[in-house]
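Coordinate analysis (summary)
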Amino acid sequence: MTMTSNNQYDGQQLRKLWQETVLPGAGISDSPQRLMSLSRACRSVSALLQTGHQEWKEASAATCVRTGHGLFDLMLRKSGQSCPTADKLELISEMYGLLNGISPCPDQSRSRLWDEAAADALEAYFRDRAAMPAAREETAACLCLLDWFYFMEDVEDEPWMQYLKATVNTWAASFTPEEGWKDTPTETALERIEVLSRNSYMLLDPSHDDTVRAAFLHYSRKAAATPALPCTALGRLYDLATGGDSLPGEQEAARTAAAGLSRLESASAPGSDTRLYCTSYRIADLCRSIMARMQDEVFGAIA
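Residues numbered from 1 in each chain as written. Predicted model: local features only at pLDDT ≥ 70, side-chain atom pairs only at ≥ 80, totals over all residues. Heavy atoms only, no water.

1. Brief notes about the overall build of the protein
Note the threshold: Starting at the N terminus, helices and strands are each numbered in turn, a helix being any DSSP run of H or I of at least four residues and a strand any DSSP run of E of at least two. Between the two quantities, the radius of gyration covers C-alpha atoms and the globule rule is 2.2 Å times the number of residues to the power 0.38. Remark: exposure states derive from per-residue accessible area (1.4 Å probe, protein chains only) relative to the maximum for the residue type, with buried under 20%, exposed over 50%, and partly exposed in between. Any two residues whose heavy atoms approach within 4.5 Å at even a single point are treated as in contact. Using a 1.4 Å probe, accessible areas were evaluated by the Shrake-Rupley method; residue-level cover was limited to the displayed protein chains. We treat Lys and Arg as the positive residues and Asp and Glu as the negative residues; His and chain ends play no part in the count. Charged groups are reduced to one reference atom each: NZ for lysine, CZ for arginine, CG for aspartic acid, CD for glutamic acid.
Of the regular secondary structure elements, the protein holds 12 helices and zero strands. What you see in the protein, going N to C, is helices and strands ordered as α-α-α-α-α-α-α-α-α-α-α-α. What you see for the protein is a C-alpha radius of gyration of 19 Å, in line with the 19 Å of a compact globule of 303 residues. Overall size of the protein, expressed as C-alpha extent along the three principal axes, is 55 × 45 × 45 Å. When each of the 303 residues of the protein is scored for burial, the buried share is 49%. Partitioning the contacts of the protein with sequence separation of at least 6, the portion at a separation of at least 24 is 72%. If you sum the accessible surface of the protein, you get close to 14,700 Å²; carbon and sulfur atoms cover 51% of it. Here the protein holds 29 positive side-chain charges and 41 negative ones, and the gap between their average locations is 7 Å.

Here it is, written out as structure tokens:
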């Protein structure tokens, strides 16, 4: 197969998945995970179309913006309901990625709504965190804080920033290449690596880059040797491996994650949250493959 025919085949698969998963829409009764899966699919297709890939009848740049705004509004309503703190914070972080991913010029009214929702959720986290578990809630709060402080200047003395920096410093100091983070589940470790990695490129702080590389190598190898990782851990691994940070063994880790997600997708019930979660990563992987071949074709034409 030529690169063009590969792209045509992947494009056909992508259109089919878009019609089956995203076009049916979402509702306020959907779980946070389901809404975030649909958001991931929308972000991925939008990124592909923004590179110049040909639009198709059911998906255009304008369609992605409309779909994305609808999902943003639903996630905003969902985050305002009574739901676990980690779900609320993860929804808000996904809302940030969606709003800034579907258009070069984010909707300003929704940006203001995001600011209000993020402030409320973070204030609640800091008010109640003493009574919370310290794993998923902690990493979800840190991801939300990274979004909050992105592009801000002169915030080193802000209490929330001091908490974020103290947390990532503690994680970096407690990691060893031999044991990783002792007594820490793989998924939690991957969440920490994502925070440390984002801290580097979002806040321009490379002080823990060596820890990011060593931790990614340790836990990607551990993931490859673990036959029954949950889908959410595989999703974290895929995101890290394809995030563009030039991490050691990232291509093998991406294949490990994609293969594991594919197996879980086949084994899960049609219409289930797990099936949609895995399918959203298949959409992301198809978009990434098409974009990579488009880039190769451009470089080949230049050469």
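Picking up after the structure, the text goes on.
2. Considerations on unusual backbone geometry
The general pattern is negative phi for most residues beyond glycine and trans for most peptide bonds. Here the phi dihedral of F151 falls at roughly 75°; this positive angle occurs in a residue that is not glycine. For F151, a relative accessible area of 69% translates into the label exposed. The backbone of L204 sits at a positive phi, close to 55°, despite the residue not being glycine. Along the chain, L204 turns up in the loop between α8 (186-202) and α9 (209-224).

3. Focus: the pattern of salt bridges
Put simply, the rule reads: A carboxyl oxygen of Asp or Glu within 4 Å of a side-chain nitrogen of Lys or Arg is what we treat as a salt bridge.
Counting across every chain of the model gives 18 salt bridges. Across the salt bridge formed by E94 and R43, the nearest N and O atoms sit 2.8 Å from each other. Of the two residues, E94 sits in helix α4 (residues 85-101) while R43 sits in helix α2 (residues 32-50), which places them 51 residues apart along the sequence. On the basis of relative accessible area, E94 is assigned to the buried category, the value being 12%. Accessibility expressed as a relative area gives 26% for R43, which makes it partly exposed. The network of salt bridges with shared partners includes D87, E90, R136, D147, E191, E194, R198 and R236.

4. Looking at the side chain of S93
By the secondary structure assignment, S93 is in helix α4. In contact with S93, other than residues within four places in its own chain, are L143, C144, D147 and R198.

5. Side note on helix α10 (residues 231-241)
Within α10, nine of the 11 residues are buried, which leaves the element mostly enclosed by the surrounding structure. The set of residues buried in α10 consists of C231, A233, L234, G235, R236, L237, Y238, L240 and A241.

6. Structural notes on the packing of aromatic side chains
For clarity, the cut-off: When the centres of two rings from Phe, Tyr and Trp lie within 6.5 Å, Trp using its six-membered ring, the rings pair. Their planes under 30 degrees apart give stacked, over 60 give edge-to-face, and anything left gives tilted. Geometrically, a lysine NZ or arginine CZ counts as sitting over a ring once it is within 6 Å of the ring centre and also within 35 degrees of the ring normal.
As enumerated under the stated definition, the model contains 12 aromatic pairs in all. Members of the aromatic cluster, connected to one another through ring pairs, are Y96, W114, Y125, F126, W148, W160 and Y163. A cation over an aromatic ring shows up here: R15 above the ring of W56, its NZ or CZ 5.9 Å from the ring centre. The residue whose ring lies beneath R192 is W181, and the NZ or CZ to ring-centre distance is 5.4 Å.

7. With respect to the packing of helix α5 (residues 108-128) against helix α6 (residues 136-149)
Just so we agree on the cut-off: Fitted lines through C-alpha atoms give the axes, limited to the stretch in contact for helices. The angle between two N-to-C directions lies from 0 to 180 degrees. Throughout, a crossing is termed right-handed when the near helix is turned clockwise from the far one, and left-handed when it is turned anticlockwise from it by less than a right angle.
Direction vectors running N to C along α5 and α6 enclose 145°, while the axes themselves pass 11 Å from each other. For α5 against α6, the interelement crossing comes out left-handed. Within the contact between the two elements, α5 uses W114, D115, A118, A119, L122, Y125 and F126 and α6 uses E137, E138, A141, C144, L145, D147 and W148.

8. Quick notes on the confidence of the model for the protein
Note the threshold: pLDDT measures how confident the predictor is about each residue, on a scale from 0 to 100.
Across the protein, pLDDT averages 91, with 95% of residues at or above 70. Summarising per-element confidence for the protein, the mean pLDDT is lowest in helix α1 (residues 3-22) (79) and highest in helix α7 (residues 159-174) (97).

9. Let's talk about the state of the cysteines
Stated precisely, the cut-off is as follows: When the sulfur atoms of two cysteines come within 2.5 Å, that pair is taken as a disulfide.
Evaluated as defined, the whole model comprises zero disulfides. The thiol of C42 is not disulfide-bonded; the next cysteine sulfur, from C64, is found 4.8 Å away.

10. Focus: a negative patch on the surface
What counts is decided by this rule: Residues form patches when they are more than 30% accessible in relative terms and have no salt bridge. Like charges link within 9 Å. Nonpolar side chains (Val, Leu, Ile, Met, Phe, Trp, Tyr) link within 5 Å.
A surface patch of negative charge is lined by E153, D154, E156, D157 and E158. Along the chain, D154 turns up in the loop between α6 and α7. When its relative accessible area of 72% is taken as the criterion, D154 is described as exposed.

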